[in-house]
There are 2 protein chains.
Amino acid sequence: VIVALAGGVGAAKFLRGLVRAMPPQDLTVVVNTGDDIELLGLHISPDVDSIVYTLAGVADPVRGWGLHNETWKALELFGRYGEPTWFQLGDGDLATHIHRTRRLADGATLSQVTTEIAQSWGVQSTVIPMTDDPVRTRVIVEEAGSGRGLDLHFQEYFVKRQAQDPVREVRFEGIEDAKPAPALLPSIADADAVIVCPSNPVVSIGPILALPGVRSALRNFNGKVVGISPIIRGAPVKGPADRLMPAVGMEVSCVGVADAYRDFLHTLVIDFADTERAPEIAALEVDPVPAPTLMRGVPQATVLARTVLGLLAQ
Amino acid sequence: VIVALAGGVGAAKFLRGLVRAMPPQDLTVVVNTGDDIELLGLHISPDVDSIVYTLAGVADPVRGWGLHNETWKALELFGRYGEPTWFQLGDGDLATHIHRTRRLADGATLSQVTTEIAQSWGVQSTVIPMTDDPVRTRVIVEEAGSGRGLDLHFQEYFVKRQAQDPVREVRFEGIEDAKPAPALLPSIADADAVIVCPSNPVVSIGPILALPGVRSALRNFNGKVVGISPIIRGAPVKGPADRLMPAVGMEVSCVGVADAYRDFLHTLVIDFADTERAPEIAALEVDPVPAPTLMRGVPQATVLARTVLGLLAQ
């Protein structure tokens, strides 16, 4: 069994290839929930949904998030009713949030609901939210213009304010009191290998690693741990990593990624374009492996997945 | 100002005409909430929504309920997730329920939310849910086949089980502890006239009349009270009145309707087809007025509304 640590969009792109390169039932994906948000009275888990929809083959490939064949009727009415519309909720997606919220209100855990939703879509891999407890990624910024300090939910920072405000700090609210989801540490303990998906190291992989016991479990893990750098030529393929990594003291480069994971990572797949940085990564005692990492579609993702599986088999 | 007592579909058909026959801002509609139901964690007010959508001009004229230009994406997913799908929830309609549920959770009353929703659609009339308290119409039936007693929510009886089970009794759960909505009795006190819409006398108008103080307010009302019979030739135009009226001892006829309202009703508009029943209604000290009451569309509804307004002006 392979355990993959995942955020949303970047991880989803890679996992589309991974489930074509290995038996999907042998894959367990641990997904960030720091991005979860309550809106309109509904519990929304954007990264979990991205991963489930992707593994189910119903994610929208163009938009990069949400369902394909989506409709947007409810959003029209939310606007009319003065409800927030900055977080785009499709009609099908709303059904997922309504169902999840109802199950949680009935006393189900986020792990249970996630398993149920994944199974209802016929997903063969196991999908585990990183925790059943509330953890919320807060981004402390200087408000663009005023310079005033603002403490924002990640989605407010990223989606509502479009990552325009200079970042001072990133906090994972509730992380000290959060327990890893029941299946998380046992999955790592039983795994043959761990993959760190090409996700944002600060706000996607960061919250998973910050959960009590996860980082030490990875350090003590007996199998191989391979990551894929989400940073190519000093810039993220997508998302705000270039604005978040400096705020937590990471260099915005594949070297910065290697440094962030060096205590448990054996190998980091970096882009061919970053081959010149390989010696710096090797100096961190992480094995750098240049490869084509830009995934324009499923064929490239599958090739990248085979490269990673090849490294795990070494 | 005219106060209209209303249920869902039958009342909506009539009100489409009424707001064309009088200044809509002079109309206050008191709407049944006994049909309200909690489903999927959402507070659904079917009759209130039917009236608001109708007065807003966005009701679906073919279906008779819900929004026009509706989409049904969420319903597909509810089926996949094992959620109930017998109560058809459109995507736009879901936005209304989500918004209402969120506002109620924030401490708003059903009256407040209803006013807000009506205003957001530009409705010029006043729409008042009959109460801000929970009242639920229960239909006690003999289960078709087994004969076993079942205590059903009205929507379960009517929509889920399609009114197939013989009815023993109808109860308005919570009615003793429910207060009329704050604006209800003052609206009647200040009204020039009251109209009882052509709605089901048992489960649409019945709950409004059963609220503490409403029936006596109508009895003591100084203006004229005119009703329109929803029963033509001993059968309802739509809905299960023919199965519910006998269970509460009402004859399924315009005479049964007159009898149900005789303590406060001055005039009952009955269909031409029922002209022969006029003497029986007169004997109940209700003035029978034959007219064409079948509303195939807005023109017929407008003529009927003018007839009613003419009677009120007499």
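So, a few notes on the structure that sits alongside this text. All values derive from a computational prediction rather than experimental measurement.

## So, the pattern of salt bridges
Side chains that differ in charge, positive against negative, can pair when their charged atoms come close.
All names here are of chain A.
Inference 1: Taken as a whole and assessed by the stated rule, the structure comprises 43 salt bridges over all chains.
Inference 2: Arg-100 is the partner of Asp-49 in a salt bridge, and the nearest nitrogen-oxygen pair spans 2.4 Å. Separated by 51 residues along the polypeptide, Asp-49 in helix 2 (residues 46–56) and Arg-100 in helix 4 (residues 91–105) bring together distant segments of the chain.
Inference 3: Assessed through its relative accessible area of 5%, Asp-49 is described here as buried.

## With respect to the interface of chain B and chain A
Inference 1: Taken residue by residue, the interface counts 27 residues in chain B and 27 residues in chain A.
Inference 2: Of the roughly 2300 Å² buried at the junction of chain B and chain A (both faces included), carbon and sulfur atoms supply 67%.
Inference 3: Of all residues in chain B, Lys-73, Tyr-81 and Ile-98 of chain B bury the most surface against chain A, accounting for 27% of the area lost on that side.
Inference 4: Between chain B and chain A we count two salt bridges in total.
Inference 5: Here Arg-102 of chain A ties to Glu-83 of chain B by a salt bridge, and the two come within 2.6 Å at their closest N and O atoms.
Inference 6: At the junction of chain B with chain A, the criterion picks out 14 residue pairs in polar contact (both at pLDDT 80 or more).
Inference 7: Tallying contributions element by element places helix 4 (residues 91–105) of chain B first for the side of chain B that touches chain A, with eight residues.
Inference 8: Tallied by class, residues from the side of chain B that touches chain A come to 13 nonpolar, eight polar and six charged.

## Digging into the packing of aromatic side chains
Inference 1: All told, the structure shown has 14 aromatic pairs over all chains when counted by the stated rule.
Inference 2: When the centroid spacing of 5.7 Å and the interplanar angle of 40° are considered together, the rings of Tyr-261 of chain A and Phe-264 of chain A count as tilted. A single burial state applies to Tyr-261 of chain A and to Phe-264 of chain A, both of which are buried.
Inference 3: Aromatic rings pair up to connect Tyr-53 and Trp-121 of chain A together with Tyr-81 of chain B into one cluster.

## Details of the sheet that holds strand 5 (residues 126–129) of chain A
Two orientations exist for strands paired in a sheet by backbone hydrogen bonds: parallel and antiparallel.
All names here are of chain A.
Inference 1: Spatially, seven strands are ordered 5-2-1-9-10-13-14 in an open sheet, and the strand pairing comes out parallel. At either margin of the open sheet sits one strand with a lone partner, and together these are strand 5 and strand 14 (287–291). Averaged over all pairs of adjacent strands, the angle between their axes in this sheet comes to 20°, without regard to strand direction.
Inference 2: Relative to strand 9 (residues 193–196), strand 1 (residues 2–6) is paired through four bridges, and the arrangement is parallel. By the bridge assignment, Ala-4 is partnered in strand 9 with Ile-195.
Inference 3: Across the sheet, helix 1 (residues 9–21) touches strand 1, strand 2 (27–31), strand 9 and strand 10 (224–228), and the angle it forms with strand 2 is around 175°.

## Overview of the relation of the copies chain B and chain A
Inference 1: Screw-axis analysis of chain B against chain A gives a translation of 0.0 Å along the axis, an RMSD of 0.0 Å, and a rotation angle of 180°. Both copies are brought into coincidence by an operation consistent with a two-fold rotation axis. Scanning chain B for the C-alpha nearest the rotation axis identifies Asp-91 of chain B, at a separation of 2.9 Å.
Inference 2: Same-surface contact between copies: 100% of interface residues of chain B are shared with the interface of chain A.

## Description of the side chain of Thr-302 of chain B
All names here are of chain B.
Inference 1: Structurally, Thr-302 is set in helix 13 (residues 298–313).
Inference 2: Accessibility expressed as a relative area gives 9% for Thr-302, which makes it buried.
Inference 3: Discounting residues that sit within four places of it in the chain, Thr-302 has contacts with Gly-17, Arg-20 and Ala-21.

## A few points about the environment of Ser-199 of chain B
All names here are of chain B.
Inference 1: With respect to the helices and strands, the residue Ser-199 is situated in the loop between strand 9 (193–196) and helix 8 (205–210).
Inference 2: Residue classification places Ser-199 among the buried residues on the basis of a relative accessible area of 3%.
Inference 3: Remark: the alpha-carbon pair of Ser-199 and Arg-306, spanning 107 residues in sequence, is separated by 18 Å.
Inference 4: Look past the residues within four positions of Ser-199 in its chain and what remains in contact with it is Ala-6, Gly-7, Ala-11, Ser-204, Ile-205, Pro-230 and Tyr-261.
Inference 5: A polar atom in the side chain of Ser-199 sits 3.1 Å from the backbone nitrogen of Gly-7.

## Some thoughts on the sheet that holds strand 2 (residues 27–31) of chain B
Residue and element names in this part refer to chain B.
Inference 1: In spatial order, the strands read 5-2-1-9-10-13-14; together these seven strands make up an open sheet with parallel pairing. For this open sheet the edge positions go to strand 5 (126–129) and strand 14 (287–291), each flanked by a neighbour on one side alone. Ignoring strand direction, the axes of neighbouring strands in this sheet form an average angle of 20°.
Inference 2: Against the sheet, helix 1 (residues 9–21) makes contact with strand 1 (2–6), strand 2, strand 9 and strand 10 (224–228), and its axis sits at roughly 175° relative to strand 2, the strand it touches most.
Inference 3: Packing of helix 2 (residues 46–56) onto the sheet brings it into contact with strand 1, strand 2 and strand 5, and relative to strand 2 it is tilted by some 155°.

## Points about the nonpolar core
Inference 1: Core analysis: the largest hydrophobic core is formed by 117 residues, its most contacted members being Phe-14 and Leu-15 of chain A together with Phe-14 and Leu-15 of chain B.
Inference 2: Excluding its chain neighbours within four sequence positions, the residues that come into contact with Phe-14 of chain A are Ile-195, Cys-197, Pro-198, Ile-228, Met-295, Ala-301, Leu-304, Ala-305 and Val-308 of chain A.
Inference 3: Core analysis: the next-biggest nonpolar cluster, separate from the first, contains 52 residues, Leu-5, Ala-178, Val-203 and Phe-264 of chain A among them.

## Some points on the environment of Arg-219 of chain A
Inference 1: Along the chain, the position of Arg-219 of chain A falls in helix 9 (residues 214–219).
Inference 2: Given a relative accessible area of 47%, Arg-219 of chain A falls into the partly exposed group.

Reading the values: the criteria
- Residues numbered from 1 in each chain as written.
- Chains lettered and ligands numbered in written order.
- Predicted model: local features only at pLDDT ≥ 70, side-chain atom pairs only at ≥ 80, totals over all residues.
- Heavy atoms only, no water.
- Salt bridge = Lys/Arg side-chain N within 4 Å of Asp/Glu carboxyl O.
- Helix = DSSP H or I, 4+ residues; strand = E, 2+ residues; numbered from the N terminus.
- Buried < 20%, exposed > 50% of the residue type's maximum accessible area, 1.4 Å probe, protein only.
- Contact = heavy atoms within 4.5 Å.
- Buried area = accessible area lost by both parts, 1.4 Å probe.
- Polar contact = N/O pair within 3.5 Å; in protein donor to acceptor, adjacent residues only side chain to side chain.
- Nonpolar A, V, L, I, M, F, W, Y, C, P; charged D, E, K, R; others polar.
- Phe/Tyr/Trp six-rings, centres within 6.5 Å; stacked < 30°, edge-to-face > 60°.
- Pairing = 2+ DSSP bridges.
- Axes fitted to C-alpha atoms, helices over the stretch in contact; angles between N-to-C directions.
- Least-squares fit on C-alpha atoms with pLDDT ≥ 70 in both.
- Core = buried A, V, L, I, M, F, W, Y, C linked by side-chain atoms within 4.5 Å.

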